[in-house]
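Coordinate inspection notes
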Amino acid sequence: RAIRDYSEAVVSTQSTGEFNKYYHNGTVFLTLLDDGTGTCFYPSGAPAVIITLEQPGIYCYYVLSDSDDNARLLAVCSQQGRTTVFYPDSKLHYVATPLEGGLFS
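Throughout what follows, the structure given in this document is the object of discussion. In this text, all values refer to a predicted model and were calculated from it rather than measured experimentally. (Residues numbered from 1 in each chain as written. Predicted model: local features only at pLDDT ≥ 70, side-chain atom pairs only at ≥ 80, totals over all residues. Heavy atoms only, no water.)

1. Quick look at the overall build of the protein chain
- For the protein chain, the helix and strand inventory stands at one helix and 10 strands.
- Helices (α) and strands (β) of the protein chain occur, in sequence order from the N terminus, as α-β-β-β-β-β-β-β-β-β-β.
- Sequence-distant contacts in the protein chain: of pairs separated by 6 or more residues, those separated by 24 or more amount to 4%.
- About 6,700 Å² of surface is accessible on the protein chain, with carbon and sulfur atoms providing 58% of the total. (Helix = DSSP H or I, 4+ residues; strand = E, 2+ residues; numbered from the N terminus. Contact = heavy atoms within 4.5 Å. Areas by Shrake-Rupley, 256 points an atom, 1.4 Å probe, with all protein chains shown as cover.)

Structure representation (structure tokens):
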């Protein structure tokens, strides 16, 4: 559903350098700032992915569950090859570095 809504999205660039895309129903899909940081939202309006700047040109992505009142961290991914994935109950599921990775059950 979200992908179909996004394909019909409206784009708006504000004079502040903020770039926005919207779901067809008018809720925000994506907000990006000039430095590349931003937030992607679920159709519910809750943050889905938060993009942060670790250092110039290197971003980190935080993936959250779709919840307005109790969002959980589902994954953290870095452009430097580090990834951590959590089960929905917040237990560790997978960890990777540029050299190795481990799956936890």
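Next comes the rest of the account.
2. Concerning the side chain of asparagine 20
- Its place among the elements puts asparagine 20 in strand S2 (residues 19-22).
- By relative accessible area, which is 2% here, asparagine 20 ends up buried.
- Within the local environment of asparagine 20, its side chain forms a polar contact with the side chain of glutamate 18, the two groups lying 3.0 Å apart.
- A distance of 2.7 Å separates a polar atom in the side chain of asparagine 20 from a polar atom in the side chain of threonine 31. (Buried < 20%, exposed > 50% of the residue type's maximum accessible area, 1.4 Å probe, protein only. Polar contact = N/O pair within 3.5 Å; in protein donor to acceptor, adjacent residues only side chain to side chain.)

Purely geometric stuff here, so don't read any function into it on its own.
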